[in-house]
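If you want the building blocks of each chain, they are given just below.
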Amino acid sequence: KSGYLAQIGNLRGAIDSLDAILKNDSRNGSAYLQRGLLYVLTFAQDKACDDFTKALRHLPDDDITRRQQALLQMGLVQLKHYNDIKKAEKLFKKGIGLDEEILAF
């Protein structure tokens, strides 16, 4: 539902939908990741970083793609909105480091 609402431009409704999911399941890493992405779009950068951190805490270790997405998005927020190059670089490296195939290049 949140994906559909976001696609039609109802970002507040999409966030509310994810709020309801997280109210019932506060360990849903995928919902935190999705809400974090929506917070980026609504310029709520602190909330986005909080959600990306929670996503990393609750996503399974073997869900490399979503874990990378959370780390790379957090890095982009640090770079673009807080101009913290060192923190962004650390997050980017951590995200890339999750996937050994990427490191082979």
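Residues numbered from 1 in each chain as written. Predicted model: local features only at pLDDT ≥ 70, side-chain atom pairs only at ≥ 80, totals over all residues. Heavy atoms only, no water.

Student: Any chance you could break down the environment of Q78 for me, citing the residues and the numbers?
Tutor: With respect to the secondary-structure elements, Q78 resides in helix α5 (residues 64-80). Non-local contacts of Q78, meaning those with residues more than four positions away in its chain, are made with C49, N83, D84, K87, A88 and L91. (Helix = DSSP H or I, 4+ residues; strand = E, 2+ residues; numbered from the N terminus. Contact = heavy atoms within 4.5 Å.)

Student: Break down the side chain of D51 for me, citing the residues and quoting the values.
Tutor: Structurally, D51 is set in helix α4 (residues 45-58). Excluding anything up to four places from it in sequence, D51 contacts Y32, R35, G36 and Y39.

Student: I'd like a rundown of unusual backbone geometry, residues and numbers included.
Tutor: For residues besides glycine, phi is generally negative; the peptide bonds are generally trans as well. Positive phi values are uncommon outside glycine, yet F43 reaches one of about 65°. Residue placement: F43 occurs in the loop between α3 (29-41) and α4. For F43, a relative accessible area of 65% corresponds to the exposed category. Despite not being glycine, N83 has its phi angle at roughly 55°, a positive value. (Buried < 20%, exposed > 50% of the residue type's maximum accessible area, 1.4 Å probe, protein only.)

Student: Quick one: what's the story with the nonpolar core, residue by residue and with numbers?
Tutor: In this structure, F52 and M74 are the most contacted members of the largest nonpolar core, which totals 24 residues. Taken together, the elements giving at least two residues each to this core come down to α2 (11-24), α3, α4 and α5. Among the elements that line this core, the one with the most residues is α3, at 7 residues. If we skip the residues at most four places from it in the chain, M74 touches C49, F52, T53, L56 and L91. (Core = buried A, V, L, I, M, F, W, Y, C linked by side-chain atoms within 4.5 Å.)

Student: Account for helix α6 (residues 85-97), naming residues and giving values.
Tutor: With 13 residues, α6 ought to run about 18 Å at 1.5 Å a step, and its terminal C-alpha atoms sit 18 Å apart, in line with that. Among the residues making up α6, those that are buried are A88, L91 and G95. Looking down the long axis of α6, one finds its buried residues gathered within 65° of arc, a one-sided arrangement. More than 90 degrees from the buried face of α6, the exposed residues found are I85, K86, K90, K93 and K94. (Expected span 1.5 Å × (residues − 1). Arc of directions from axis to C-beta.)

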